[in-house]
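Spelled out, the chains give:
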Amino acid sequence: MPWLSIHDNIALPYRIAGKPVDEAAITRLIELVGLGNFATARPKQLSGGMRQRASIARALILEPQVLLLDEPFGALDAVTRRQMNVELQRIWSARQITTLLITHSVDEALFLADRVVVMSGRPGRILREVEVPFARPRDPSVMRSEGFHRLVDDLTEARLLIQDVVVRLACARATEADFAALERDIDRTEALTASGELRDRLEYSIEFYKILAAATRNDVLSVLIDSLTRILRVVIARVGPD
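What comes next is a walk through the structure. Note that this is a predicted model, so its numbers are computed, not measured.

Criteria and thresholds
Along each chain, residues carry numbers from 1 onward, in the same order as the chain's sequence is written. Owing to the predicted nature of the model, reporting of local features is limited to residues with pLDDT of at least 70; listing and counting of side-chain atom pairs is limited to 80 or more, with chain, interface and lining totals taken over all residues. Side-chain metrics rest on all non-hydrogen atoms present in the structure, leaving aside hydrogens and water. Helix and strand labels come from DSSP, where a helix needs a run of H or I of at least four residues and a strand needs a run of E of at least two; each type is numbered from the N terminus. Should any heavy atoms of two residues lie within 4.5 Å, those residues are counted as being in contact. For the accessible areas, the method is Shrake-Rupley and the probe is 1.4 Å, while residue cover comes only from the protein chains on display. We define a salt bridge as a side-chain nitrogen of Lys or Arg found within 4 Å of a carboxyl oxygen belonging to Asp or Glu. Each residue is assigned to one of three classes by its accessible area relative to the maximum for its type, calculated with a 1.4 Å probe on protein chains only: buried under 20%, partly exposed between the two thresholds, exposed over 50%. The definition of a polar contact used here is a pair of N or O atoms within 3.5 Å, where within protein one atom must be able to donate a hydrogen and the other to accept one, and adjacent residues in sequence count solely through side-chain atom pairs. Expected helix span is given by 1.5 Å per residue-to-residue step, counting one fewer step than there are residues.

The secondary structure content of the protein amounts to nine helices and four strands. Pairs at least 24 residues apart make up 65% of the contacts formed inside the protein by residues separated by at least 6 positions. Per element, the accessible surface of the protein, about 14000 Å² overall, is 54% carbon and sulfur.

If you want it as structure tokens, here you go:
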């Protein structure tokens, strides 16, 4: 709340839950997140990273069994985000609460997590699941290691396959070379579930464009439908029907 001090913001969950405020616990958490000198400050007086630390402290104050973090650092600049990754690891190490972190940053996921699950778009499916092999505590230098970069490439391959195919082929001007490249891409990738997501997206797109074509009598859409249908046949030949 912008009109409350950092102390009072962190105490807010006690009041919402109808529980007595534990001043000692609030003081310990404020110190844990490195805001000991800012307990009386208002949020507008803090930097973005400091506000995020206060938010994490507020989430921890009632000692939850599971901590849910949905893009907690998405609005921060790259330097502050990296610093907050280190801070979150330090804070987590002190409490070790089971945490589910949603992020679009593969580097962030690998640095913070013990297990990374790569999800598809709608309909949501698991594309890859990886146990992170790096020991804790993790120094930021691990992100410069060969093993770290190899895992980043591995986790992004499934998403890149889908994005690349959609950009190259989901149009009326797909060439024979494009279709041949699609077959090679699906054959060489280990992320066959990613191809399954592509199949679902193609089926949805074909039905959508059929409805649109019937309503507008647009010949270009008919060509697009033929192209998408051919792509779908290639995908089904490689990964099978649903």
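The next subject is the pattern of salt bridges. Under the defined criterion, the tally for this structure stands at seven salt bridges. When the shortest N-O distance is used, the salt bridge between D114 and R136 registers 3.0 Å. In this pair, D114 is assigned in the loop between α5 (106–112) and β3 (115–119) and R136 in the loop between β4 (126–131) and α6 (146–169), connecting sequence segments 22 residues apart. Exposure remark for D114: the relative accessible area of 40% places this residue in the partly exposed category. One salt bridge in this structure joins R138 and D114, with 3.6 Å as the shortest N-O distance. In this pair, R138 sits in the loop between β4 and α6 while D114 sits in the loop between α5 and β3, placing the two residues 24 residues apart along the sequence. Among the residues examined, R138 registers a relative accessible area of 4% and is labelled buried. Salt bridges sharing common partners tie together E71, R81 and E108.

Once that is clear, we can look at the environment of S105. Of note, S105 is situated in the loop between β2 (98–102) and α5. When the C-alpha atoms of S105 and V152 are compared, they prove to be 9.7 Å apart, with 47 residues separating the residues in sequence. Separated by 3.1 Å, the side chain of S105 and the backbone nitrogen of E108 make a polar contact.

Here helix α4 (residues 78–95) contains 18 residues, and its C-alpha end-to-end distance of 26 Å stays within 8% of the 26 Å for a straight helix at 1.5 Å per residue. For α4, the set of buried residues is T80, R81, M84, N85, E87, L88, Q89 and I91. Those residues of α4 that are buried are in contact with α2 (23–32), α3 (48–60), β1 (66–70) and α5. Taken from the residues just after α4, Q96 is the one with a positive phi, measuring 50 degrees.

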